[in-house]
Amino acid sequence: MTLALDTLGRLESEAIHIFREVAGEFDRPVILFSGGKDSTLLLHLAIKAFYPAPVPFPLLHVDTGHNFDEVIEFRDRVVAQHGLRLEVAKVQDWIDDGRLEERPDGTRNPLQTVPLLDSITQHKFDAVFGGGRRDEERARAKERIFSLRTAFGQWDPKRQRPELWNLYNGRHRAGEHVRVFPLSNWTELDVWNYIEREGIELPDIYYSHEREVFLRDGMWLAEGPWGKAREGETLQRKVVRYRTVGDGSCTGAVESDAADIHAVIAEVAASRLTERGATRADDRLSEAAMEDRKREGYF
Amino acid sequence: MELLRFITCGSVDDGKSTLIGRLLYESKLLYADHLAALEADSRRVGTRGGELDFALLVDGLAAEREQGITIDVAYRFFATEARRFIVADTPGHEQYTRNMVTGASTAEAAVILLDARKGVLSQTRRHARIVSLLGIRHVAVAVNKLDLLDYSQEAFDAVAAQFAEFAAELDFAEITCVPMSATEGVNVIGHSELTPWYDGPTLLQWLETVDAGSAQDGPSRFLVQWVNRPDSTFRGLSGRVLRGTLRQGDAVSTGGRTSTVDRIVTMDGDLAEAPAGSSVTVVLADDVDASRGDVLGAAADPPGVADSFQAHLVWLNENGLLPGRQYLAKIGARTVGFTATKALQLNEIGVDKVHFDAPVPFEGYRTNRDLGSFVVLDRLSNATVGAGMIDFALSPANVRWQTLTVDKQARIARNGHRPCVVWLTGLSGAGKSTIADLVEKALHAEGRHTFLLDGDNVRHGLNSDLGFTDADRVENIRRIAEVAALMVDAGLIVLVSFISPFRAERALARGLVGENEFCEVFVDTPLEVAEERDPKGLYRKARRGELANFTGIDSPYEPPEEPEIRLDTTTLSPEAAAAAVVARLRALGVC
Ligand SMILES: Nc1nc2c(ncn2[C@@H]2O[C@H](COP(=O)(O)OP(=O)(O)OP(=O)(O)O)[C@@H](O)[C@H]2O)c(=O)[nH]1
Ligand SMILES: [Mg+2]
């Protein structure tokens, strides 16, 4: 009798395989880690891939400064717990010395690209792990698992390398780097099911809690370092949770009483909105928003 | 729940993307925000006069939506009560065949679309061939756009028969033809009243029931990707089970050495057995020296090891495959040098004898996709330029290298200087031969052992069978490079004076000798100057059209990027140039 891997087992094995290919072929990989659920999952898989050895890569967080305290606290705790090295590139530093300018709308998600690319150049990172999934968005649905970036960090969607079987081509010239997406074939529901199966801890804000929020562009936003409710927007106490975690100025909460992992899974399975559609103002900006940002070098 | 990975393919505009969009829509699998975006897009850039254009759901790149075609493969996810699916919607355009191959390589089933009005087109044939070649055995043929033919059963039967006749030569286990209209949603989910004469499965019914089991049974194979050595007490081999089931206590072998699986380690605890597909870490009972790229195989039935194969190749790059050119191949977790013997153009499929520069563990592609597939990479651009599937090994590596007593070191001691290749490259008439001749004279006068290989002279003898096509130029240089390497073994300073227009072949020549035994000299003379000099009258002939494939005129010259020496002949006399080369050789410690 041969037992076979189930779907989550297949996805896990594939991701681990990818981590090990990168360890075998690159000199200076790095894992993008924000403390959000996808990057927490990514780190969990990396730890499994190299066990019992420690993860042979550092982590990089491009910090917008528009964070939820719970997430930063969680980030630092996880890093300490596993004895990892974390580089933080603060968008604020780039604004302070004039390399970046604050946007009129106060959103800093789009501002992450420059600090990200600068950090990659500075540390000579040659492989950059991201938690992107093909089910998130239609431009991501087109991306390879190993995705080559030019020396300027750019993605050329019309000239992607063929990528066959499990044979990933990591060859690149000096200055170029490869974005690596081990979660490409996972769906949002897979992520949650796996988090449950593995008992992976996440920041509390992914589960329902009470929070003061106000309505803007159809999304429930919270007040924070990124700004306050404007005139005509009233703060209300609601039971909410977050489906994604990004820049607080454009990451919306969803009304939800899903207080534990089982409830979240039930909610995600029944949801009629994708997590980005439900919670990310920036992806709604333009019809090709994600593709444009990816071309420039965004995650 | 069981997962099926499938592709849609077929000729351009046959309705592949529309069909997938319709499938997602009909099966109520669309998220509300995606649907809202679809409505807006359809009004703006749709091809259906403002009605829902389902192709826009999958054609996710701006360029695709503008041009109304698919350029690259899109991966979409959906699930029904019965199964989960990952569909790869591939482009029909011939230009983007490589992206179709990308999607097909990981699929277990294929939906091949036909436009009922057009039937089987050349691109349909190409896609069907690729599907068969990649080992996909189950296909549905969606005979689409029947709405434009009043759902005529005759039309459907005719196209189905046409496909069946063509497909007889392919390796499919099962072909199911479905009459469809993607835009109207006919026979996508449920049976349509518009085709009362059809009683086969609808497309979704077929997808939910097709037998997709890719057999991965047989003797175990474990690919080593990474040696896991956190400290001196633990040495594990991290990798993946590619076939069979690996069990604790199994006798396994690699490279002729045998050991026993002592532990199968994972973070969730040790396993007694690991099925095909598992990523685990193996600890062997003995201190067997295995590293990245090695394969542990069941000791009773290990995989073969060879360096020459018959293989099917699909070429994926605008620059065609040149026989004899040195490429790289990635197979398993190993990257080795690769050469093929036949030319192939973009999107061409061929059967060829291929050669790897080191023996690799392998299995035939039909037996094991993972150990029987490889990709071909360009050494300079790093692009993925081809894909290969091993049929069988040609000669098991039975030509052994003979160890000789009088070796290079002995010759260096006798000659009193190191050997080296001095490779002069540049346009015809650049001054290569003149400079090479002067350099040799100088070295000879100093008592160095030298030899000069001159392009024109060698073409009279060793290479008299070669012309000036790109393929012949590659072979010309390959032979010279080998001869030069032999002469380096003989202890000589070899002056090579050849146009040698391609970087890849010069890189090959460099690779054949030791680190400090190659000195590339770029005799840099601009085309206008060389043409002005025209010592042999060749440029005039070429300009008159009497000489085809002349470097600089109608055949490319790729200047060296980092030559050891660059000689600007517009400012240096031949004597000064030669002196510069000798000085540089001295600095390099050659003489
Ligand atoms: N009448 C009719 N038109 C169809 C049908 N299916 C697709 N079309 C139209 O055919 C055109 C091409 O459809 P696509 O889905 O983009 O074709 P495709 O096969 O994905 O094309 P490529 O991916 O570029 O190769 C569009 O205008 C569709 O609306 C059909 O069943 N009936
Ligand atoms: Mg299409």
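Residues numbered from 1 in each chain as written. Chains lettered and ligands numbered in written order. Predicted model: local features only at pLDDT ≥ 70, side-chain atom pairs only at ≥ 80, totals over all residues.

Peer 1: Help me understand the overall build of chain A, please; the structure alone is not making it clear to me.
Peer 2: When its secondary structure is counted, chain A shows 10 helices and 10 strands. Sequence separation of at least 24 residues holds for 76% of the intrachain contacts in chain A that already meet a minimum separation of 6. (Helix = DSSP H or I, 4+ residues; strand = E, 2+ residues; numbered from the N terminus. Contact = placed C-beta atoms within 7 Å.)

Peer 1: Got a minute to help me understand the overall build of chain B in this structure?
Peer 2: When its secondary structure is counted, chain B shows 17 helices and 25 strands. When the backbone C-alpha atoms are referred to their principal axes, chain B occupies close to 95 × 70 × 45 Å. Each of the 591 residues in chain B was classed as buried or not, and the buried ones make up 48%. Counting contacts in chain B only where the partners sit at least 6 residues apart, residues at least 24 apart contribute 71% of the total. (Buried ≥ 20, exposed ≤ 12 C-beta atoms within 10 Å, placed from the backbone.)

Peer 1: Looking at this structure, how should I read the nonpolar core?
Peer 2: Within soluble globular proteins, side chains that are nonpolar tend to cluster in buried spots. Within the largest apolar cluster, 228 residues are counted, with the highest numbers of intra-cluster contacts made by A104, A110, V143, V421 and V422 of chain B. Of all the elements, helix α13 (residues 470-489) of chain B adds the most residues to this core, at 8 residues. Viewed by domain, this core spans two of them, domain 1 (7-189) and domain 2 (204-297) of chain A, each represented by three or more residues. Ignoring any residue separated from it by four or fewer positions in sequence, one finds V422 of chain B in contact with V439, I493, V494, L495, V496, C519, V521, V581 and L585 of chain B. (Core = buried A, V, L, I, M, F, W, Y, C linked by C-beta atoms within 7 Å. Domains from an automatic or database assignment.)

Peer 1: Got a minute to help me understand the pairing of strand β24 (residues 518-524) of chain B in this structure?
Peer 2: A regular strand places its side chains so that they alternate between the two faces of the sheet. All names here are of chain B. Counting buried residues along β24, 7 of its 7 residues qualify, which places the element largely inside the surrounding structure. By the alternation rule, side chains of β24 split into F518, E520, F522 and D524 and C519, V521 and V523, which are all buried. Of the strand pairs in this sheet, strand β21 (residues 420-425) and β24 are connected by 5 bridges, and their pairing is parallel. Looking across to β24, one finds that W423 is bridged to E520. (Pairing = 2+ DSSP bridges.)

Peer 1: Help me out: how do you make sense of the domain arrangement of chain A in this one?
Peer 2: Size of an interface, as often reported, equals the accessible area lost when the parts are brought together. Taken domain by domain, chain A consists of domain 1 (7-189) and domain 2 (204-297). On a C-alpha basis, the centroid separation for the pair domain 1 of chain A and domain 2 of chain A is 22 Å.

Peer 1: How do you make sense of α13 of chain B when you look at a structure like this?
Peer 2: Owing to its 3.6 residues per turn, the α-helix aligns residues three or four sequence positions apart on the same side. Residues and elements named next belong to chain B. If you check α13, its first and last C-alpha atoms are 29 Å apart, about what 20 residues at 1.5 Å a residue would give, namely 28 Å. Where α13 is buried, its residues contact β21, β22 (450-454), α12 (455-460), β23 (493-497) and α14 (503-512). Two residues or fewer after α13 comes G491, characterised by a positive phi angle close to 95 degrees. (Expected span 1.5 Å × (residues − 1).)

Peer 1: Got a minute to help me understand the interface of chain B and chain A in this structure?
Peer 2: Contact residues are listed per partner, giving 56 residues for chain B and 49 residues for chain A. Residues of the side of chain B that touches chain A, tallied by class, amount to 26 nonpolar, 17 polar and 13 charged. (Nonpolar A, V, L, I, M, F, W, Y, C, P; charged D, E, K, R; others polar.)

Peer 1: Any chance you could explain the sheet that holds strand β2 (residues 74-79) of chain B here in plain terms?
Peer 2: All names here are of chain B. Ordered in space as β2-β3-β1-β4-β5-β6, the 6 strands form an open sheet in which the pairing is mixed. Both edges of this open sheet fall to β2 and β6 (174-179), since each of them pairs with a single strand only. Across the sheet, the mean angle from the axis of one strand to that of its neighbour is 25 degrees, orientation sign disregarded. Taken together, the 5 bridges between strand β1 (residues 3-10) and strand β4 (residues 109-115) define a ladder with parallel strand orientation. The residue bridging T8 from the neighbouring strand is V111, located in β4. Relative to β4, helix α6 (residues 122-133) is tilted by about 170 degrees, and along the sheet it contacts β1, β4 and β5 (138-144). (Axes fitted to C-alpha atoms, helices over the stretch in contact; angles between N-to-C directions.)

Peer 1: When you look at the environment of T274 of chain A in this model, what are you seeing that I'm missing?
Peer 2: Within the fold, T274 of chain A resides in the loop between α7 (261-270) and α8 (275-279). Here the alpha-carbon distance between T274 of chain A and V240 of chain A, two residues 34 residues apart in the chain, equals 17 Å. The contacts of T274 of chain A, once residues within four sequence positions are left out, are Y31, D33 and H34 of chain B.

Peer 1: How do you make sense of helix α3 (residues 69-81) of chain A when you look at a structure like this?
Peer 2: All names here are of chain A. Here α3 is 13 residues long and its end C-alpha atoms lie 18 Å apart, about the 18 Å a rise of 1.5 Å per residue gives. Listed as buried for α3 are V71, F74, R75 and V78. The buried residues of α3 all sit within an arc of 105 degrees when viewed along its axis, so they share a single face. In α3, the exposed positions that point more than 90 degrees away from the buried face belong to D69 and A80. In this structure, the buried side of α3 is in contact with α2 (37-50) and β2 (59-63). Looking one or two places after α3, you find G83, whose phi comes out positive at around 60 degrees. (Arc of directions from axis to C-beta.)

Peer 1: Help me understand unusual backbone geometry, please; the structure alone is not making it clear to me.
Peer 2: Residues apart from glycine generally show negative phi values, whereas peptide bonds are mostly found in trans. Note that the residue after Y51 of chain A, namely P52 of chain A, is joined by a cis bond; omega there is 5 degrees. Within the element layout of this structure, P52 of chain A appears in the loop between α2 and β2. At N187 of chain B, a position not held by glycine, the phi torsion is positive, near 60 degrees. Within the fold, N187 of chain B resides in the loop between β6 and α8 (203-209). Among the residues examined, N187 of chain B registers 27 C-beta atoms within 10 Å and is labelled buried. With a phi angle near 55 degrees, N549 of chain B is a residue other than glycine that sits in the positive phi range. Tracing the backbone shows N549 of chain B in the loop between α16 (538-543) and β25 (565-568).

Peer 1: Before we go on, may I ask you to explain the sheet that holds β23 of chain B in this structure?
Peer 2: Note on sheets: strands pair through backbone hydrogen bonds, and any given pair is parallel or antiparallel. Residue and element names in this part refer to chain B. Overall, parallel pairing links the 5 strands, which are arranged β22-β23-β21-β24-β25 in an open sheet. The sheet is open, and its two edges are formed by β22 and β25, each paired on a single side. This sheet shows a mean twist of 15 degrees between the axes of neighbouring strands, independent of strand direction. The sheet contacts of α14 involve β21 and β24, and relative to β21 the element is tilted by about 170 degrees.

Peer 1: Please explain the site of ligand 1 as it appears in this structure.
Peer 2: Inspection of the region around ligand 1 gives 23 residues, with G15, S17, T18, T70 and G92 of chain B positioned closest. Residue contributions to the shell around ligand 1 peak at 3 residues, all from helix α1 (residues 16-26) of chain B. (Near = placed C-beta within 6 Å.)

Peer 1: What should I look at first to understand the packing of α13 of chain B against α14 of chain B in this one?
Peer 2: The axes of two packed helices give the description: the angle between them and the distance between them. Residues and elements named next belong to chain B. The interhelical angle for the contact between α13 and α14, taken along N-to-C directions, is 20 degrees, at an axis separation of 9 Å. Considered as vectors, α13 and α14 are oriented roughly parallel to each other. Handedness of the α13/α14 crossing: right-handed. For the pair α13 and α14, contact is made by V474, I477, R478, A481, E482, A484 and A485 and by E505, L508, A509 and L512, respectively. (Parallel < 35°, antiparallel > 145°, perpendicular 65-115°, else oblique. Left-handed = near helix turned anticlockwise from the far one by under 90°.)

Peer 1: It is not clear to me how the environment of L113 of chain B should be interpreted in this structure. Could you clarify?
Peer 2: All names here are of chain B. Looking at the secondary structure, you find L113 in strand β4. Assessed through the 26 C-beta atoms surrounding it within 10 Å, L113 is described here as buried. Expressed as a C-alpha distance, the spacing of L113 and C9, which sit 104 residues apart in the sequence, is 6.1 Å.

Peer 1: Just to check I follow, could you spell out the packing of helix α5 (residues 97-104) of chain B against α6 of chain B for this structure?
Peer 2: All names here are of chain B. Contact pair α5 / α6: the axes reach a minimum separation of 10 Å and the direction vectors enclose 35 degrees. When you trace α5 past α6, the crossing you get is right-handed. On α6, the residues touching T97, M100, V101 and A104 of α5 are R126, H127, I130 and V131.

Peer 1: Before we go on, may I ask you to explain the pairing of β1 of chain B in this structure?
Peer 2: Residue and element names in this part refer to chain B. Burial analysis of β1 places 6 of its 8 residues in the buried class, which makes it a mostly covered element. Note that β1 and strand β3 (residues 84-89) share 6 bridges and pair parallel. Across the sheet, I7 pairs through a bridge with A88, a residue of β3.

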